[in-house]
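# Observations on the model geometry
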Amino acid sequence: MKSKTAIWLFVILVFALPAMAWLGMDWYENRVQALPVLGSVTDFKLINQEGDSVSTMTWKDRVVIVDFFFTHCPAICPKLTTSLKKVQEQYKSDRQLWFNSITVDPERDSAAVLKQYTARFGLDTSNWQLLTGRKKDIYKLARNSFMVVATDGDGGPTDFIHSEKLVLIDQQKRIRGYYTGTDDAEVQQLIRDVKKLNVQH
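Residues numbered from 1 in each chain as written. Predicted model: local features only at pLDDT ≥ 70, side-chain atom pairs only at ≥ 80, totals over all residues. Heavy atoms only, no water.

### Re the overall build of the protein chain
Rules: Every helix listed is a DSSP run of H or I at least four residues long, and every strand listed is a run of E at least two residues long, numbered separately from the N terminus. Burial classes follow relative accessibility: with a 1.4 Å probe on protein chains only, a residue under 20% of its type's maximum area counts as buried, one over 50% as exposed, and anything between as partly exposed. Any pair of residues with heavy atoms lying within 4.5 Å of one another is described as a contacting pair. Exposure was quantified through the Shrake-Rupley algorithm and a 1.4 Å probe, taking into account, for residues, occlusion by the shown protein chains and nothing else.
Of the regular secondary structure elements, the protein chain holds five helices and eight strands. Going residue by residue from the N terminus, the α and β elements of the protein chain occur as α-β-β-β-β-α-β-α-β-α-β-β-α. In the protein chain, buried positions account for 44% of the 201 residues. At a minimum sequence separation of 6, the contacts of the protein chain that also span at least 24 residues come to 69%. In the form shown here, the protein chain has an accessible surface area of approximately 11000 Å², with 58% of it arising from carbon and sulfur atoms.

Spelled out as structure tokens, the structure:
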């Protein structure tokens, strides 16, 4: 009898307790642990797919996810768009979550072209805007405000930015995370982190 009790105690100590500790840490990291503050987004004005001027004023009290893309991108950008659609679907009833996709090729991506892109991918634009504007302004934002690339450049004709990053912004326009939009595991982490910000709000 004593030997059976000892065996059970051994099993609990060696297997059950570490498993419970791991599950507890995983729950804490994914549900409770605060996200870091990685920077702040400066105010800007751009043009959306409807041809309307929009600014960060539309972000008021919202959590925002931003990516930088271009409509004729053959591989990475469609994956980014698909990943954002997954996040949008997870929070389809939450209009406090906003999406902004900013083109890095504004000379070709006019408002009309952006609108065609929304139709091609079947995007729900009730809380998702595709944005265009002056290339120099967009590239300055990408580098100095969103910090999605580390390269230098002036936004001139030969300058080009391409990033797989999805950027999570909180209600105070602070950057709270970067996620590789082509990586399913990171997209799932983004979905969990959005919930953290909504809970904190």
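### Some words on the confidence of the model for the protein chain
Put simply, the rule is: Confidence scores per residue from the predictor, reported as pLDDT, run from 0 to 100.
On average, the protein chain scores 86 in pLDDT, and the residues at 70 or more come to 81%. Within the model, pLDDT remains below 50 along residues 24–32, and this stretch shows ten contacts once partners closer than five positions in the same chain are excluded.

### What to know about helix H2 (residues 76–90)
The line we're drawing: Expected helix span is given by 1.5 Å per residue-to-residue step, counting one fewer step than there are residues. In this description, one arc is meant: the one made by directions from the helix axis to the C-beta atoms.
The end-to-end C-alpha distance of H2 is 22 Å, a good match for the 21 Å that 15 residues give at a rise of 1.5 Å each. Every buried residue belonging to H2 is among Cys77, Leu80, Thr81, Ser83, Leu84, Val87 and Gln88, and all of these are buried. On an axial view of H2, the arc spanned by its buried residues comes to 160 degrees, and they lie on one face.

### Observations regarding the pairing of strand E6 (residues 128–132)
Selection criterion: Pairing between two strands requires that DSSP report at least two bridges joining them.
Among the five residues that make up E6, five are buried, leaving the element largely enclosed by the rest of the structure. Taken together, the two bridges between strand E2 (residues 45–48) and E6 define a ladder with antiparallel strand orientation. If you follow Ile47 over to E6, its bridge partner there is Thr132. Note: strand E5 (residues 97–103) against E6, four bridges, orientation parallel. For Asn100, the partnering residue across the bridge sits in E6 and is Gln129.

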